[in-house]
Amino acid sequence: MTTTHLDDAVIDVTPQPVPCAARPWTDFVHLDGSCACFYGGPAPLFSVPQQRASSGV
Ligand SMILES: [Zn+2]
């Protein structure tokens with residue numbers, strides 16, 4: 001008896017920032033997938049820290 005359940009394959013749709021492999025020393029990340037700078041892919045974005053409380057001034 002064999003049953004097929006494709007429901008077990010849960011795809012994580014949450015984009016995970018991937019550090020830019022072309023410039024690992026920077027804070028640039030790719031939100032849409034792996035770094036493709038070597039292949040003329042989309043430019044990386046500057047990683048913005050979420051825990052940033054603007055205090056003072
Ligand atoms: Zn890159």
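Report on the accompanying structure. (Residues numbered from 1 in each chain as written. Predicted model: local features only at pLDDT ≥ 70, side-chain atom pairs only at ≥ 80, totals over all residues.)

### A word on the overall build of the protein chain
Scanning the protein chain from terminus to terminus reveals 0 helices and 3 strands. For the protein chain, the sequential pattern of α-helices and β-strands runs β-β-β. Here the protein chain holds 57 residues, and 7% of them are scored as buried. The long-range share in the protein chain, meaning contacts at least 24 apart out of those at least 6 apart in sequence, stands at 5%. (Helix = DSSP H or I, 4+ residues; strand = E, 2+ residues; numbered from the N terminus. Buried ≥ 20, exposed ≤ 12 C-beta atoms within 10 Å, placed from the backbone. Contact = placed C-beta atoms within 7 Å.)

### A few points about the sheet that holds strand β1 (residues 18-19)
The sheet built from 3 strands is open, its strands ordered β1-β2-β3 with antiparallel pairing. Each having just a single partner strand, β1 and β3 (45-46) make up the two edges of the open sheet. Relative to β3, strand β2 (residues 28-30) is paired through 2 bridges, and the arrangement is antiparallel. Bridge pairing links F28 to F46 in β3. (Pairing = 2+ DSSP bridges.)

### Concerning the environment of A22
Within the secondary structure, A22 is located in the loop between β1 and β2. In this structure the C-alpha to C-alpha distance between A22 and A36, which are 14 residues apart in sequence, comes to 8.4 Å. Look past the residues within four positions of A22 in its chain and what remains in contact with it is C35, C37 and F38.

### With respect to the environment of F28
Considering the arrangement of structural elements, one finds F28 in strand β2. Owing to 20 C-beta atoms within 10 Å, F28 belongs among the buried residues under this scheme. Distance in space between the C-alpha atoms of F28 and P44 is 5.6 Å, their sequence separation being 16 residues. Excluding anything up to four places from it in sequence, F28 contacts C20, R23, P44, L45, F46 and S47.

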